[in-house]
Amino acid sequence: MSSEVTSSTLYHSLLVDRNNSLNFLRLVLAALVIISHVVLFFPTGSASLNEHVDSLGDFAVNMFFCISGFLIAHSASRAALSSYLLRRSLRIFPGYWVALLFIALIASPIAYMTGHSVEDWSWGSVFGYVTNNFFLAQNQSVTLGGFKGVDLFTWNLPFWTLAYEFTAYLMLIPMFYIRVIRERLHIILPILFVGVIVGMRAYISLRGFPADAWIFFRLMMMFMAGTLLYLFSKKIKANLWIALLCVALGLGLQLFATTYIFYGAQLLFAYGILALGSTLSVPIGQKNDISYGVYIYGFPVQCILLLLGSAVLGPLVNLALDVVLTFALAWCSWRLIEKPAMTRGRSLDPKNRKLAKAA
């Protein structure tokens, strides 16, 4: 091992030692997304408070993309292209497809049987939800014509980020699999990062920025910041207090000065969450990473609770029920779907198959 890769660098603590808290932090971020949605179901009397609580979800998603940029860059740097695509697909799609079926086969019948469906039962509408959303693009947000009698507008709001996540995976392909780019990536990526920031700021100041473009560049730049830190991670040391300061500043920007995120603050987000994960010592999630399941089941579980009349229990009881039930579903998703799919992906990896034959 290179002498520069010490136990205090991001590279060593997150990718070599693995005795870190990154999965725990991802679990916390997924729970934060659930909390942020409380004001959608139970809005307060303060529009400002509603906006700030909802922004916690945006903050969590930003942090997710920073973490992904770091970890997925490591995956791309080590694997053949076929292996990279296989593993990334098996990490996203199996759990997502089962979540779609959960809505089609469990949530939709509950909506119909409790009298909250606009239309009569239709298998076309129910399974159309699965087929129309099969490849991550959210082309159908509800089933059976939508909801009546409850203030719901979609079955699963967090799903929208998954297409951006997979797009970010594809974005790394030219960076790591075109040799002329990969060999100069330490120079090209910083220049590209700064160039995109300058270009975006100039465009925003001159012509504004469409909402869809804003979301795309916000998430891709967070992902790119994580990738950028990965490239220099063998030389970047992790400091707990600086990490906490970066996370606090990032949260402050998210809540009170969102537009300033595009002034290079993506690196602040990325360093904060990655250094925090590498310096904390919380073993939760090191062997069982249920954060993805928590992220994709929290919203539909809350929808089901409301369809069953839980609104009378108030926001705090609903939140507690949502967290408990979601964590249980996430555990099942990890043990029965996600982990077996990832294990299968490793067994199908041409490199691993060659090693197995040689053994």
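In what follows, the structure referred to is the one given above.
Owing to the predicted nature of the structure, the values given are computational and were not obtained by experimental measurement.

## Side note on the overall build of the protein
Now for step 1: The secondary structure content of the protein amounts to 15 helices and zero strands.
Now for step 2: A compact globule built from 359 residues should have a C-alpha radius of gyration of about 21 Å, and the protein, at 21 Å, falls within 12% of that.
Now for step 3: The dimensions of the protein, computed from C-alpha atoms along their principal axes, are 65 × 55 × 40 Å.
Now for step 4: Counting over 359 residues, the protein shows a buried share of 50%.
Now for step 5: About 16700 Å² of surface is accessible on the protein, with carbon and sulfur atoms providing 66% of the total.
Now for step 6: Averaging the coordinates of the 25 positive side-chain charges in the protein and doing the same for the 15 negative ones gives two points 16 Å apart.

## A few points about the layout of surface pockets
Now for step 1: The volume enclosed by the largest pocket comes to roughly 1400 Å³.
Now for step 2: Along its surface, the largest pocket is lined by 45 residues, and Arg 26, Leu 71, Arg 88, Arg 91 and Met 342 are the ones closest to its centre.
Now for step 3: Counting residues per element, the ones that place at least two in the lining of the largest pocket are helix H1 (10-16), helix H2 (22-36), helix H4 (47-78), helix H5 (81-113), helix H7 (160-177), helix H13 (291-307), helix H14 (315-348) and helix H15 (350-358).
Now for step 4: Residues of the lining of the largest pocket, tallied by class, amount to 18 nonpolar, 14 polar and 13 charged.

## As for empty space enclosed by the protein
Now for step 1: Scanning the entire structure with this criterion turns up one cavity of 30 Å³ or more.
Now for step 2: In terms of lining, the largest cavity is formed by Ile 34, His 37, Val 38, Phe 41, Gly 298, Phe 299, Gln 302, Leu 319 and Asp 322.
Now for step 3: Sorting the residues of the lining of the largest cavity by element identifies helix H3 (38-41), H13 and H14 as the ones contributing at least two each.
Now for step 4: Take the lining of the largest cavity: its biggest share by element is three residues, from H13.
Now for step 5: Its residues placed into classes, the lining of the largest cavity shows five nonpolar, three polar and one charged.

## Some remarks on H7
Now for step 1: Compared with an ideal rise of 1.5 Å per residue, which puts 18 residues at 26 Å, H7 spans 27 Å between its outermost C-alpha atoms and is within 8% of the ideal.
Now for step 2: For H7, the set of buried residues is Thr 161, Leu 162, Tyr 164, Glu 165, Phe 166, Ala 168, Tyr 169, Leu 172, Met 175 and Phe 176.
Now for step 3: Turning to H7, the residues buried within the fold contact H4, H5, helix H8 (179-182), helix H9 (185-207), helix H10 (211-231) and H13.

## Observations regarding a nonpolar patch on the surface
Now for step 1: On the surface, Leu 101, Leu 105, Ile 106, Trp 123 and Phe 127 cluster together into a nonpolar patch covering about 470 Å² of accessible area.
Now for step 2: Counting residues per element, the ones that place at least two in the nonpolar patch are H5 and helix H6 (123-132).
Now for step 3: Looking at which element gives the most residues to the nonpolar patch, the answer is H5, with three residues.
Now for step 4: Relative to the helices and strands, Ile 106 is located in helix H5.

## Quick notes on the pattern of salt bridges
Now for step 1: Going through the model one piece at a time under the given rule, you end up with six salt bridges.
Now for step 2: Between Arg 91 and Glu 338 there is a salt bridge, with its nearest N and O atoms 3.0 Å apart. One end of the pair, Arg 91, is in helix H5; the other, Glu 338, is in helix H14, and 247 residues separate them in sequence. The same class applies to Arg 91 and to Glu 338, which are both buried.
Now for step 3: One salt bridge in this structure joins Arg 179 and Glu 183, with 2.7 Å as the shortest N-O distance.

## Side note on the nonpolar core
Now for step 1: Counting 105 residues, the largest nonpolar core has Trp 155, Phe 159 and Leu 274 as the members making the most contacts within it.
Now for step 2: For this core, the element with the most residues is H4, which contributes 13 residues.

## Considerations on the packing of H5 against H13
Now for step 1: The contact between H5 and H13 brings their axes to 10 Å, and the two run at 5°. In terms of orientation, H5 and H13 fall into the roughly parallel class. Residues Arg 91, Ile 92, Gly 95, Tyr 96, Val 98, Ala 99, Phe 102, Ile 103, Ala 107, Ile 110 and Ala 111 of H5 form the contact with H13, whose participating residues are Tyr 292, Ile 296, Tyr 297, Pro 300, Ile 304 and Leu 307.
Now for step 2: Residue classes in the contact of H5 with H13 are distributed as 15 nonpolar, one polar and one charged.

## Digging into the packing of H2 against H4
Each pair of packed helices gets described by two things: the angle between the helix axes and the distance between those axes.
Now for step 1: Interhelical geometry of H2 versus H4 gives an angle of 150° and a closest axis separation of 8 Å. In terms of orientation, H2 and H4 fall into the roughly antiparallel class. In terms of crossing hand, the pair formed by H2 and H4 is left-handed. In this structure, H2 contributes Leu 22, Arg 26, Leu 29, Ala 30, Leu 32, Val 33, Ile 35 and Ser 36 to the contact, and H4 contributes Val 53, Asp 54, Leu 56, Gly 57, Phe 59, Ala 60, Met 63, Phe 64, Ile 67 and Leu 71.
Now for step 2: Of the residues belonging to the contact of H2 with H4, the class tally is 14 nonpolar, two polar and two charged.

## Some details on unusual backbone geometry
Now for step 1: Positive phi is not limited to glycine here, since Leu 136 has a value of about 85°.
Now for step 2: Within the secondary structure, Leu 136 sits in the loop between H6 and H7.
Now for step 3: Positioned with a positive phi, Leu 144 is a non-glycine residue whose angle comes to about 55°.
Now for step 4: With respect to the helices, strands and loops of the structure, Leu 144 is situated in the loop between H6 and H7.

Cut-offs and rules
- Residues numbered from 1 in each chain as written.
- Predicted model: local features only at pLDDT ≥ 70, side-chain atom pairs only at ≥ 80, totals over all residues.
- Heavy atoms only, no water.
- Helix = DSSP H or I, 4+ residues; strand = E, 2+ residues; numbered from the N terminus.
- Rg over C-alpha atoms; globule rule 2.2 N^0.38 Å.
- Buried < 20%, exposed > 50% of the residue type's maximum accessible area, 1.4 Å probe, protein only.
- Areas by Shrake-Rupley, 256 points an atom, 1.4 Å probe, with all protein chains shown as cover.
- Lys, Arg positive; Asp, Glu negative; His and termini not counted.
- Charge placed at Lys NZ, Arg CZ, Asp CG, Glu CD.
- 1 Å grid on protein atoms, 1.4 Å probe; cavity = no way out; pocket = protein on both sides within 12 Å on 5 of 7 lines; lining within 4 Å.
- Points joined across faces, edges and corners; volume = space filled by probe spheres on them.
- Nonpolar A, V, L, I, M, F, W, Y, C, P; charged D, E, K, R; others polar.
- Expected span 1.5 Å × (residues − 1).
- Contact = heavy atoms within 4.5 Å.
- Patch = residues over 30% accessible without salt bridge, like charges linked within 9 Å, V, L, I, M, F, W, Y side chains within 5 Å.
- Salt bridge = Lys/Arg side-chain N within 4 Å of Asp/Glu carboxyl O.
- Core = buried A, V, L, I, M, F, W, Y, C linked by side-chain atoms within 4.5 Å.
- Axes fitted to C-alpha atoms, helices over the stretch in contact; angles between N-to-C directions.
- Parallel < 35°, antiparallel > 145°, perpendicular 65-115°, else oblique.
- Left-handed = near helix turned anticlockwise from the far one by under 90°.

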